[in-house]
Amino acid sequence: METGPLQVLTVPTAPYPDQRPGSGGLRRKVYLFQSRRNYLNNFIQSIFSSIDLRDRQGATVVVGGDGRFFNQEAIQVVVQMAAANGVGRLIIGHHGIMSTPAISCVIRKHKAIGGIILTASHNPGGPDGDFGIKFNTANGGPAKDPVTHKIFQISRTMEEFAICPGLQVDLTTLGKQTFDLENKFKPFTVEIVDSVESHANLLRNIFDFAALKDLLSGENHISVRLDAMHGAVGPYVRRILCEELGCPTNSAVNCVPLEDFGGQPPDPNLTYASDLVDSMRDGQYDFGAAFDGDGDRNMILGKHGFFVSPPDSVAVIADNIFCIPYFQHTGVRGFARSMPTSAALDRVAKATKIELYETPTGWKFFGNLMDAGRLSLCGEESFGTGGDHIREKDGLWAVLAWLSILATRRQSVEEILKDHWRKYGRNYFTRYDYENVDIDAACEMMEDVELLISDKSFIKQRFAVGDKIYQVEKADNFEYTDPVDSTITRNQGLRIIFSDGSRIIFRLSGTGSDGATVRIYIDSYEKEKIFEDTQVMLAPLATIALKISQLHHRTGRTGPSVIT
């Protein structure tokens, strides 16, 4: 308990024009937060000011981060400003670390008005890396566009912020800390909580932990390799999968959160999780998984490094959804995928007569459908998968879903996926990422591609590559009308759809902090040729995509930074 009431100050400041949150919040280089005067304070004040004073007065807010560099300092500022802005209670993860799915869970459990998540997700960490701040609302999900727009507008006219600079919280000790503030009738409370327990408890009520324990440590157990990539999910993997479900301790690697994630971007794909891929090659492990920095993304591998693409992953979970006890009780209300994600899920939806929604990229669109009771399972090609238990994608949930399928079917990952392709055909899918591209060159390229595909003469145009001929059937800039509230979201990606159902999609990503990321998504459906190499099968469409966009010529690149 502090002695004497702590002073609350109103500090003059000047606005910044660039604090528009993207789909993952505000992400910038660490040095910008450190070097720009009040840059962090301004954005945090914009978040609090976007909430009506009557709603935030005495309310609960959840705070946590992925443990990246600058996390500790930023949390202290959030605490000082929450107190000064009338928030009554903060719930903070132990050591300031809590995964994004767990924060969503805790917001919902404690009926908080929202959560402040200090993460830049799968972006690099360390002093030269990225830092991010994201606001989740009372449903536990990312703030919708009207809220982020309001935050941005406030940030552009900011003149002052409120702070209690003398308030310091001990993040290392579990339990309640109370602080008396001047001119406040009630003390301000900070509760440091076990970061894992609430989320673990939720997962226990979704999955059959006895069956999973038998799969992982019973008589005929499988061998697994789990890579937390030095992100926030490490303690969850150790506690739930090792201590509770019986995986050997040495099967979980990189489980200690580090400020720089060990020097690699905590991005669970074939490029950045290559250590996991290499360790799976010799066949000693039956199942492998990697997680990103804040624990909401996942990559699934089978024996010998057999790769499960994210669109295939959500489709397989959908087809085996009743292997998960939770869905036996709730039923299945709907499936959804982001527009760039391949249509593998659509085929399961059609066969099972379950409604399928195609949304823009961004989990908030799924959250709206879930809140309306229309959606049970969804996924994005960017390694995000989740159910309606929370309002964020959930890497740990996806891994337990896959293990539940393995426990029920007693087949390998590869056998399950190949059976799936035999049943439904295969949607070959790949994504080319061109990272840190000059933003002007990227925008100019996108404008020119849109002009080209908008011309009426582009429809029915034929492209020949080798012996393959593709005819354009439809081309547009994807827009989405939300079936719940009829809001329209425009400019979500340039789509070229061919007569055989193949697609090429161009998008500029909004989650980086340095330059632009141009993404090209390519997918094509095959009923017969289902066991071929993805890059070989999609090479003709990749050639067409590069020809249409002139991307290499315009950016000076010779190839993508990452191929998924």
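Please read all numbers here as calculations on a predicted model, not as lab measurements.

**What about the sheet that holds strand 8 (residues 175-179)?**
Picture the strands of a sheet paired through backbone hydrogen bonds; they go either parallel or antiparallel. An order of 2-6-5-3-4-9-8 is seen for the 7 strands of this open sheet, with the pairing classed as mixed. Either end of the sheet is taken by a strand with one partner, and the two such strands are strand 2 (26-29) and strand 8. This sheet shows a mean twist of 20° between the axes of neighbouring strands, independent of strand direction. Bridge analysis of strand 2 against strand 6 (residues 130-137) gives 4 bridges, and the strand direction is antiparallel. Following the sheet pairing, K29 is matched in strand 6 by D130. Where helix 4 (residues 71-84) meets the sheet, its contacts fall on strand 3 (60-65), strand 4 (89-97), strand 5 (114-118), strand 6 and strand 9 (188-193), and the angle it forms with strand 4 comes to roughly 170°.

**Quick word on the packing of helix 8 (residues 209-217) against helix 15 (residues 395-409)**
In the contact formed by helix 8 and helix 15, the axes pass within 9 Å of each other and the chain directions differ by 75°. Looking at the two axes, helix 8 sits roughly perpendicular to helix 15. Here F209, A211, L212, L215 and L216 of helix 8 come into contact with helix 15, specifically with L400, L403, S404, L406 and A407. In terms of residue class, the contact of helix 8 with helix 15 is built from 9 nonpolar, 1 polar and no charged.

**Some details on the sheet that holds strand 13 (residues 298-302)**
Read from one edge of the open sheet, 5 strands run 11-10-12-13-14, paired in mixed fashion. Either end of the sheet is taken by a strand with one partner, and the two such strands are strand 11 (252-253) and strand 14 (306-308). Across 5 bridges, the pairing between strand 12 (residues 287-291) and strand 13 is antiparallel. Bridging across to strand 13, A289 finds its partner in I300.

**Here we look at the packing of aromatic side chains**
Overall, the coordinates contain 16 aromatic pairs when judged by the stated rule. Seen from their ring centres, F33 and F70 are 6.3 Å apart, and the 35° between their planes marks the pair as tilted. One end of the pair, F33, is in helix 1 (residues 30-35); the other, F70, is in the loop between strand 3 and helix 4, and 37 residues separate them in sequence. Measuring from centroid to centroid gives 6.3 Å for W421 and F531, while their planes differ by 50°, and the two rings are tilted. Highlighted residues: W421 in helix 16 (residues 413-424) and F531 in the loop between strand 26 (516-526) and helix 18 (534-549), separated in sequence by 110 residues. Owing to a relative accessible area of 4%, W421 belongs among the buried residues under this scheme. Assessed through its relative accessible area of 43%, F531 is described here as partly exposed. The rings of Y16, F33, Y39, F70 and F131 are connected pair by pair, giving a single aromatic cluster. In this structure, K418 is placed above the aromatic ring of F531, and the distance from its NZ or CZ to the ring centre is 5.3 Å.

Rules and cut-offs
- Residues numbered from 1 in each chain as written.
- Predicted model: local features only at pLDDT ≥ 70, side-chain atom pairs only at ≥ 80, totals over all residues.
- Heavy atoms only, no water.
- Pairing = 2+ DSSP bridges.
- Helix = DSSP H or I, 4+ residues; strand = E, 2+ residues; numbered from the N terminus.
- Axes fitted to C-alpha atoms, helices over the stretch in contact; angles between N-to-C directions.
- Contact = heavy atoms within 4.5 Å.
- Parallel < 35°, antiparallel > 145°, perpendicular 65-115°, else oblique.
- Nonpolar A, V, L, I, M, F, W, Y, C, P; charged D, E, K, R; others polar.
- Phe/Tyr/Trp six-rings, centres within 6.5 Å; stacked < 30°, edge-to-face > 60°.
- Buried < 20%, exposed > 50% of the residue type's maximum accessible area, 1.4 Å probe, protein only.
- Lys NZ or Arg CZ within 6 Å of the ring centre and 35° of its normal.

Everything listed is a geometric property; what it means functionally is a separate question.
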